[in-house]
Structures are given as C-alpha cells and as structure tokens.
Amino acid sequence: MTPVVGRFAPSPSGDLHFGSLVSAVGSYLEAKTAGGSWLIRIEDIDPPREVSGSARRIIADLETLGMKADGPILYQSTRLAAYQRALDMLLGKGLAYSCACTRKDLPASGIYPGTCRNGIEKGKQARSVRFLAADLPETFTDRLKGVVKGEVDDFIIRRADGLFAYQLAVVVDDHLQGITQVVRGGDILDSTVRQIALQKALEFTTPQYMHLPVVLGADGKKLSKRDSAHPVMGQDPAHAVSHALRFLGQNPPDNLALDMLWAWAIKHWNPELIPR
Ligand code: GLU
C-alpha cells in the first residue's frame, strides 16, 4: 500500500485565520491517524497578492499550534521551471493553447466559450494560455460530499501577467510531493474537477479529496485571509485548536493542555462527525 501523504497548502496572502486553521487541523489529523506524513507547501506564486512576512508567520503559528511538517517546506516560487515543463508538455500534446481574450470578452457566466481554441483572430495578441478541456463533465468521489460532478471549461493555466495559475501549480506539486490525500476548505470544491482534468492530461494519479465545511464570518460570507476579525494567534493555542476541532464536529474535553489535546484528537478523530 502507498503510504499516506497529506498536505496543507496556504497562500501567503495574510496571516493564519480560523478558516485556514480548520484546513490545517483536518489535513493533519487525516494524515496522522492513517499513519501517514503531513507536509506544508507555501503557495507563493502570486506576488501581487502576497503579504510580506505572512509565510514565515503562518509556519511559526502552525508550530505554536502543535503542527510540524514531516519534511522540508516546499515554496512554489522555487518551482517555476517545473510549471513551465508541464505547460510545455500540454502545449506539445495539443492540450493547451494561447488565448487573446480579455476579461471583457468573456460571457457573464465566466465560462470560457472556447473562442481561441482554433487560433487567435488576426491582429490580436496572445495573452494567456488555456487548458483544452474535453467537453465532458468530470466526476470524483469526495470523502465527505460523495459524488461530485462538474463541468470543466478551457480554464487558464498561465495568466496574462505571465504568472502560472494556481490550478497548474497545485497539480504539479501535489504530484511532486506524492500527495495521496487532499483535505481542504469546501470553497475550493469547484476547482477540483479542473485539477483532476489536468492530472489526467499530465498522466498524474489523482489523490483522494475531502472538502471541509466552509467557515463563514458573522456576515455569512467566507472568511478571507485578509479578514483580521478572526485571527488565530493572540488566543491560547489549545483554545484555537479546540475551537477548530469543535467546528469539525469533534468533542474534545474542555481545558486540555495543547499536547494532551493533540493526543486526544489523534486517538478520537472521527471524520464521520464532520458536519456535511
Ligand atoms: N493555496 C490555497 C489557499 O490558500 C489552497 C490550495 C489547496 O489546498 O489546494 O486557499
């Protein structure tokens, strides 16, 4: 049997907030209770959105909270050559193409209608690179949500600003790191069919997926990294972890010290209890 490898893959666009703590705790416990290892990957491929110092603070906060990676931390900013190779391979196989469309050219649905599939209109300039999707829905079985079916359009894999898109980088690195299970926030659920389509095109194995319930703020909207209303640090680490466990439906005893809390969590972790 392949050993289980899980990961937590924060973007350094702000400090650790409660929503990312929930993903960290869920991915950590799923990996540890399967006797596997847990890795951290810093998804720093979008410099305009990066908040200086946040990668360092996220890693330090995770350690203070009792979660330490079982291997070196991978920084996506060091992986550009690998993303380029994957892009070249897709272009070479005819599974990607240049696109001249701007945001204005897209329909309101945001679904790309395939305008540049057969070449760029004369006089227009190539801007981004898109994946050539099979016109078939993609399906996978999520560990919590069951069968998920979604349409895959020709999504962007290299942006008009020259940066590699999250979808491409995440697939290349989940493969490189030998990730067997992806546990992350349900806000990314819609991306998963795209990632699976890319894995197939690149001949990578598809990991197991588990999408956790999304943490909402008081306004009912998803918490964002920039949401300073819910910082994780600045409260007692055991309290923060215990709060995340409760959000995930677990029932830790009150007032355990951090190491006792983790021992309890590893012994009693039950994904069946996660609210669906
Ligand atoms: N970097 C993404 C984020 O922080 C998560 C990516 C993933 O888990 O696949 O939202």
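Small disclaimer: the values here were computed from a predicted structure and weren't measured. (Residues numbered from 1 in each chain as written. Predicted model: local features only at pLDDT ≥ 70, side-chain atom pairs only at ≥ 80, totals over all residues. Heavy atoms only, no water.)

**Looking at the overall build of the chain**
At step 1: For the chain, the helix and strand inventory stands at seven helices and 10 strands.
At step 2: Taking 2.2 N^0.38 as the reference for a compact globule, 276 residues should give roughly 19 Å; the C-alpha atoms of the chain span a radius of gyration of 20 Å, in line with that estimate.
At step 3: Structurally, the chain occupies a C-alpha span of about 70 × 40 × 35 Å along its principal axes.
At step 4: Within the span of the chain, comprising 276 residues, buried residues form 49% of the whole.
At step 5: Pairs at least 24 residues apart make up 75% of the contacts formed inside the chain by residues separated by at least 6 positions.
At step 6: Here the chain displays about 13600 Å² of accessible surface, and carbon together with sulfur accounts for 54% of that area.
At step 7: Looking at the chain, you have 32 positive and 30 negative side-chain charges, and the mean spots of the two groups are 3 Å apart. (Helix = DSSP H or I, 4+ residues; strand = E, 2+ residues; numbered from the N terminus. Rg over C-alpha atoms; globule rule 2.2 N^0.38 Å. Buried < 20%, exposed > 50% of the residue type's maximum accessible area, 1.4 Å probe, protein only. Contact = heavy atoms within 4.5 Å. Areas by Shrake-Rupley, 256 points an atom, 1.4 Å probe, with all protein chains shown as cover. Lys, Arg positive; Asp, Glu negative; His and termini not counted. Charge placed at Lys NZ, Arg CZ, Asp CG, Glu CD.)

**Describing the sheet that holds strand 1 (residues 5–8)**
At step 1: Judged by pairing direction, the sheet is parallel, and its three strands sit side by side in the order 1-2-3 without closing on themselves. Two strands in the sheet have a free side with no partner beyond their single neighbour: strand 1 and strand 3 (74–75).
At step 2: Along the sheet, helix 2 (residues 54–64) makes contact with strand 1, strand 2 (37–42) and strand 3, crossing strand 2 at roughly 160 degrees. (Pairing = 2+ DSSP bridges. Axes fitted to C-alpha atoms, helices over the stretch in contact; angles between N-to-C directions.)

**Things to note about helix 5 (residues 189–201)**
At step 1: Of all 13 residues making up helix 5, 10 are buried, and the element is well covered by its neighbours.
At step 2: For helix 5, the set of buried residues is Leu-189, Ser-191, Thr-192, Val-193, Gln-195, Ile-196, Ala-197, Leu-198, Gln-199 and Ala-201.
At step 3: Looking at the residues trailing helix 5, positive phi occurs at Glu-203, about 60 degrees.

**Let's talk about the site of the ligand**
At step 1: Surveying the vicinity of the ligand reveals 10 residues, the closest of which are Arg-7, Ala-9, Ser-11, Glu-43 and Arg-184.
At step 2: Residue Arg-7 places a side-chain N or O atom 2.6 Å away from an oxygen atom belonging to the ligand.
At step 3: Ala-9 places a main-chain nitrogen or oxygen 2.7 Å from a nitrogen atom of the ligand.
At step 4: For the ligand, whose accessible area on its own is 300 Å², the fraction buried by protein is 81%.
At step 5: Tallied by class, residues from the shell around the ligand come to five nonpolar, one polar and four charged. (Near = heavy atom within 4 Å. Polar contact = N/O pair within 3.5 Å; in protein donor to acceptor, adjacent residues only side chain to side chain. Nonpolar A, V, L, I, M, F, W, Y, C, P; charged D, E, K, R; others polar.)

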